[in-house]
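Structural overview for review
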Amino acid sequence: MNDVIGSILPLSLGVALSPFPVIMIVLLLGSARPRVNGLAFLGGWVAGLAVIVSVLTFAFDLLDGTGSDPGPVAGVLRILLGAFLLVMAARKFTKRFVKNDAGPLPRWMASASSYSPRRSVVMGLTLSAANPKNFAITAAAGVAIGAAALEPGAEIWAMLAYIVLASLTVLVPVTAYLVAPRKVAVPLRAVMEWLQVNHSVMTGLLLVVFGFILIGNGIGSF
């Protein structure tokens with residue numbers, strides 16, 4: 001269990017530090033229905049992570065149940081996911097050189113002030129489950145949990161730990177807003193403005209780091 005937690009901790013950090021969910025949650029907390037939209041986005045975000053990590057975990061449980069060795073399969077998947085992240089990093093840095101991050105927000109973000117709770121849920125699902133970087137890292141977490149020899153109860157605790165840690169940068173702003181909305185408005189806006197300017201560099205560095213981590217873990221699985 002300790003080895004699994006050690007494996008998923010850095011992966012959860014990679015998802016938690018994704019800039020777009022942070023920007024989106026700040027925009028939603030400034031919308032016409034901040035509390036409802038913030039909680040709806042958080043629910044969609046958590047649901048997306050839960051689906052991916054649980055599907056990969058239980059898939060490896062089934063593989064282990066057939067008597068096959070999950071180690072090589074896990075290794076190949078980790079290497080492929082790591083290589084995918086490195087390709088994404090290269091594309092991210094290339095775009096950074098062509099076009100600066102600073103500028104107006106994308107239309108789907110700029111319209112957040114008029115979001116309904118349903119659309120907030122959908123956006124949370126999209127940014128957690130449909131975002132390629134977050135999908136790849138969360139899938140790697142599911143591989144790490146499913147490939148380990150854990151009891152079902154321990155697997156559930158490991159998945160919950162990953163989901164909570166990967167959701168901290170969404171969970172903390174929502175909780176802080178619910179407790180003290182006026183006090184957190186200014187610092188949240190400052191964080192969003194910094195991320196709006198620097199998100200490509202930040203995301204690119206995360207992709208490089210976690211790409212090599214996954215490839216190294218994949219090689220070690222053989």
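So, here is what we can say about the structure in this document. (Residues numbered from 1 in each chain as written. Predicted model: local features only at pLDDT ≥ 70, side-chain atom pairs only at ≥ 80, totals over all residues. Heavy atoms only, no water.)

Looking at the overall build of the chain
Broken down by element type, the chain carries 10 helices and zero strands. Taken from N to C terminus, the helices and strands of the chain fall in the order α-α-α-α-α-α-α-α-α-α. Compactness check: the chain gives a C-alpha radius of gyration of 18 Å against a globular reference of 17 Å for 222 residues, within 12% of the reference. If one aligns the C-alpha atoms of the chain with their principal axes, the spans along those axes are about 55 × 40 × 25 Å. (Helix = DSSP H or I, 4+ residues; strand = E, 2+ residues; numbered from the N terminus. Rg over C-alpha atoms; globule rule 2.2 N^0.38 Å.)

Some details on helix α1 (residues 2-16)
The terminal C-alpha atoms of α1 lie 21 Å apart, and with 15 residues this matches the ideal 21 Å at 1.5 Å per residue to within 8%. What α1 keeps buried is the set V4, I8, L11, S12, G14, V15 and A16. (Expected span 1.5 Å × (residues − 1). Buried < 20%, exposed > 50% of the residue type's maximum accessible area, 1.4 Å probe, protein only.)

Focus on the packing of helix α2 (residues 19-29) against helix α9 (residues 168-179)
Where α2 contacts α9, the two axes come as close as 9 Å, and the packing angle between them is 20°. As summarised for this structure, α2 and α9 are arranged roughly parallel, according to the angle between their axes. Relative to α9, α2 is oriented so that their crossing is right-handed. Facing α2, whose interface residues are P21, V22, I25 and L29, α9 presents T169, V170, P173, V174 and Y177. (Axes fitted to C-alpha atoms, helices over the stretch in contact; angles between N-to-C directions. Parallel < 35°, antiparallel > 145°, perpendicular 65-115°, else oblique. Left-handed = near helix turned anticlockwise from the far one by under 90°. Contact = heavy atoms within 4.5 Å.)

Observations regarding α9
Compared with the 16 Å implied by 1.5 Å per residue over 12 residues, the 16 Å span of α9 between its first and last C-alpha is a close match. Among the residues making up α9, those that are buried are V170, P173, V174 and Y177. Burial along α9 is one-sided: seen end-on, the buried residues are contained in an arc of 95°. (Arc of directions from axis to C-beta.)

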